[in-house]
Amino acid sequence: MKKRFSLIDTALFLVMSLSFVSALTRSPQAAPGRHAARGVFNRPEIVEAEEEAEVVKSGFFRIPLPEGTEESSVKVTEDLFNKKILIEISGVDDAFFKNNAFSGDISGIADVKYGYYGGVSTVELDTETVSVYESEFTENSFYLRVSNIHDVYEKVIAVDAGHCGDDTGSVVYGVEERNITSGVAGLLKDKLSSENYYVILTASAEENRSEEERAEIVNLCKADLLITLHTGADPDTRVTNGVEAGCSNGLRDLCKHVTRRISKACSEKDLGIKDIRYPGVTKYTRVPFILLKLGYITNRKEAENMNSPDYRERAAEAIKEAVTEWFDAEKNG
Ligand SMILES: [Zn+2]
């Protein structure tokens with residue numbers, strides 16, 4: 001099965017190749033032989049597919065593979081934080097890429113490099129925006145199409161656990177805020193993803209990522225909504241309890257809806273919207289947000305409650321329901 005590159009495709013590709021080359025010359029990383037974590041990176045030759053060349057899948061970027069490469073030897077990793085897609089190909093050395101040009105559609109791709117280290121070739125794609133990819137493997141090609149997340153998903157939601165790494169947040173009665181919020185964040189990510197939203201967790205519990213770094217990915221993704229999770233703390237340990245929240249302008253209805261839902265699902269007092277005294281990651285973000293205080297960790301009963309897997313499941317489900325209903329209502333006017 002051979003497909004000829006149509007004239008329009010060819011013209012389009014030429015235009016894109018030219019802008020690609022100029023992008024390369026502008027790039028401060030354009031110096032060849034840059035030493036990177038995986039060894040020395042080189043730039044491949046990227047050509048317009050010739051008339052009778054290998055099958056070119058329209059709209060896809062083609063990485064050539066030696067005849068007989070197994071699909072299992074190609075591994076793709078997305079690095080959202082650095083806007084990179086890494087394609088690791090084991091058993092193929094860099095001499096192959098020196099002699100075989102890459103081809104196809106480079107839209108959405110800002111830079112391409114390859115390197116060879118420890119028996120594995122890595123092709124590194126810098127994407128123009130935070131992107132997702134589709135891929136297809138054939139016996140001598142790996143095809144990849146890169147798309148902006150907003151073109152593929154209706155909504156992009158960032159979920160932030162409020163505290164991560166060495167920052168445990170409040171620790172009261174042996175209960176850690178970080179463990180509560182990251183537990184709920186992980187569940188929430190899975191639940192919202194299954195509703196077909198694109199969900200970004202700003203950090204895992206173990207990662208040491210500052211508020212500025214976490215905010216950077218939220219801004220980079222231009223998230224439609226940021227949900228950042230905390231617990232409340234108050235010296236009045238016996239009395240003060242309940243779920244409360246703060247939000248950016250325009251999200252008061254969503255905010256009230258979320259606290260009401262959590263309050264019901266977790267049998268907590270609904271404190272509704274309160275002034276935000278600890279803005280956390282929202283100090284640095286430029287997207288709509290809700291900041292949730294899931295409960296008061298200084299209240300022993302509530303701390304123990306929030307520390308249970310059952311509570312986390314109920315809270316995550318309640319947030320997912322509220323957010324989904326709100327986005328659905330928005331969609332249906
Ligand atoms: Zn906190």
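Residues numbered from 1 in each chain as written. Predicted model: local features only at pLDDT ≥ 70, side-chain atom pairs only at ≥ 80, totals over all residues.

A.B. asks: So what's going on with helix 5 (residues 211-220)? Residues and values would help.
C.D. replies: Glu211, Arg214, Ala215, Ile217 and Val218 are the residues of helix 5 that are buried. Axial view of helix 5: buried residues confined to an arc of 160°, hence all on one face. On its buried face, helix 5 sits against strand 12 (156-160), strand 15 (198-201) and strand 16 (225-232). Positive phi shows up at lysine 222, right after helix 5, with a value of about 45°. (Buried ≥ 20, exposed ≤ 12 C-beta atoms within 10 Å, placed from the backbone. Helix = DSSP H or I, 4+ residues; strand = E, 2+ residues; numbered from the N terminus. Arc of directions from axis to C-beta. Contact = placed C-beta atoms within 7 Å.)

A.B. asks: Account for the packing of helix 4 (residues 177-193) against helix 8 (residues 309-331), with residues named and values stated.
C.D. replies: Where helix 4 meets helix 8, the closest approach of the two axes is 9 Å, and the angle between their N-to-C directions is 45°. Between helix 4 and helix 8, the angle is such that the two are oblique. Handedness of the crossing formed by helix 4 with helix 8: right-handed. Along the contact surface, helix 4 presents Gly183, Val184, Leu187, Leu188, Lys191 and Leu192, while helix 8 presents Arg312, Glu313, Ala315, Ala316, Glu317, Ile319, Lys320 and Val323. Residue composition of the contact of helix 4 with helix 8, by class: 8 nonpolar, 1 polar and 5 charged. (Axes fitted to C-alpha atoms, helices over the stretch in contact; angles between N-to-C directions. Parallel < 35°, antiparallel > 145°, perpendicular 65-115°, else oblique. Left-handed = near helix turned anticlockwise from the far one by under 90°. Nonpolar A, V, L, I, M, F, W, Y, C, P; charged D, E, K, R; others polar.)

A.B. asks: For the confidence of the model for the protein, give the residues involved together with the corresponding values.
C.D. replies: With 85% of its residues at a pLDDT of 70 or more, the protein has an overall mean of 86. This stretch, residues 1-37, has a pLDDT under 50; its non-local contacts, to residues over four places away or in other chains, come to 34 contacts. (pLDDT = per-residue confidence, 0-100.)

A.B. asks: Please set out the pairing of strand 16 residue by residue, giving values where relevant.
C.D. replies: Strand 16 sits mainly inside the fold: 8 of its 8 residues count as buried. With burial as the criterion, each face of strand 16 is covered, one bearing Leu225, Ile227, Leu229 and Thr231 and the other bearing Leu226, Thr228, His230 and Gly232. Pairing geometry for strand 12 and strand 16, over 4 bridges, is parallel. Following the sheet pairing, aspartate 160 is matched in strand 16 by threonine 228. As paired strands, strand 16 and strand 19 (residues 289-296) are joined by 6 bridges and run parallel to one another. Residue pairing in the sheet places leucine 229 in a bridge with leucine 292 of strand 19. (Pairing = 2+ DSSP bridges.)

A.B. asks: Would you mind going over the sheet that holds strand 18 (residues 270-273) in detail, with residue names and values included?
C.D. replies: What the 6 strands build is an open sheet, ordered 15-12-16-19-17-18; its pairing is mixed. Lying at the two open borders of the sheet, with one neighbouring strand each, are strand 15 and strand 18. Averaged over neighbouring strand pairs, the angle between their axes works out to 20° when direction is ignored.

A.B. asks: Mind laying out the sheet that holds strand 10 (residues 131-138), listing which residues take part and the relevant values?
C.D. replies: On the basis of which strands lie adjacent, the open sheet formed by 5 strands has the order 3-7-4-11-10 and mixed pairing. Since the sheet does not close on itself, it has two edges, and those belong to strand 3 (46-47) and strand 10, each with one partner. Across 8 bridges, the pairing between strand 10 and strand 11 (residues 141-148) is antiparallel. Residue pairing in the sheet places phenylalanine 137 in a bridge with phenylalanine 142 of strand 11.

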